[in-house]
Amino acid sequence: MIEAEIRELTPQPSAAIRVTQPMSELDLAALFDEHLPNIAHRLADMGVEPAGPPYGRYHQFGPEHVDVRVADDIAGPP
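Residues numbered from 1 in each chain as written. Predicted model: local features only at pLDDT ≥ 70, side-chain atom pairs only at ≥ 80, totals over all residues. Heavy atoms only, no water.

Colleague: Explanation requested: the nonpolar core in the structure shown.
Modeller: One broad rule of soluble globular proteins: the nonpolar side chains tend to lie buried together. Counting eleven residues, the largest nonpolar core is built from Ala-15, Val-19, Leu-31, Phe-32, Ile-39, Leu-43, Val-48, Val-66, Val-68, Val-70 and Ile-74. If you tally residues by element for this core, the top one is helix α1 (residues 28–46), at four residues. Non-local contacts of Val-19, meaning those with residues more than four positions away in its chain, are made with Leu-31, His-35, Val-66, Asp-67 and Val-68. (Core = buried A, V, L, I, M, F, W, Y, C linked by side-chain atoms within 4.5 Å. Buried < 20%, exposed > 50% of the residue type's maximum accessible area, 1.4 Å probe, protein only. Helix = DSSP H or I, 4+ residues; strand = E, 2+ residues; numbered from the N terminus. Contact = heavy atoms within 4.5 Å.)

Pasting the structure below:
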């Protein structure tokens, strides 16, 4: 049995790109490999540092489509 808990977290600003595509075209590794460097470069251009590890937030995951946000939390507004 998996133990689960609900936690309230402090809202955190993030920089992200959201991708929606057919599940049949999904390659998560390629998706993150393509977009994480773009996010990192844009943050660097703006002088903003990531405030944690990158992550994906899935708004929908199958069976027909995937809707994912590839993101990095940031320390504060740019």
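Moving on, there is more to tell.
Colleague: Got a minute to help me understand the side chain of Asp-67 in this structure?
Modeller: Within the secondary structure layout, Asp-67 lies in strand β3 (residues 65–73). According to the relative accessible area criterion, Asp-67 is buried, its value standing at 10%. There is a polar contact of 3.3 Å between the side chain of Asp-67 and the side chain of Thr-20. Excluding residues within four positions of it along the chain, Asp-67 makes contact with Arg-18, Val-19, Thr-20, Arg-57, Tyr-58, His-59 and Gln-60. (Polar contact = N/O pair within 3.5 Å; in protein donor to acceptor, adjacent residues only side chain to side chain.)

Colleague: For this particular structure, what's the right way to read the environment of Gln-12?
Modeller: Checked against the element boundaries, Gln-12 lands in the segment before β1 (14–22). Residue Gln-12 is classed as partly exposed on the basis of its relative accessible area, which comes to 39%. Separated by 60 residues in sequence, Gln-12 and Asp-72 place their C-alpha atoms 9.9 Å apart. Ignoring sequence-local partners within four residues, the contact set of Gln-12 consists of Ala-51, Asp-73, Ile-74 and Ala-75. A polar contact of 2.4 Å, which involves the side chain of Gln-12, links it to the backbone oxygen of Ile-74.

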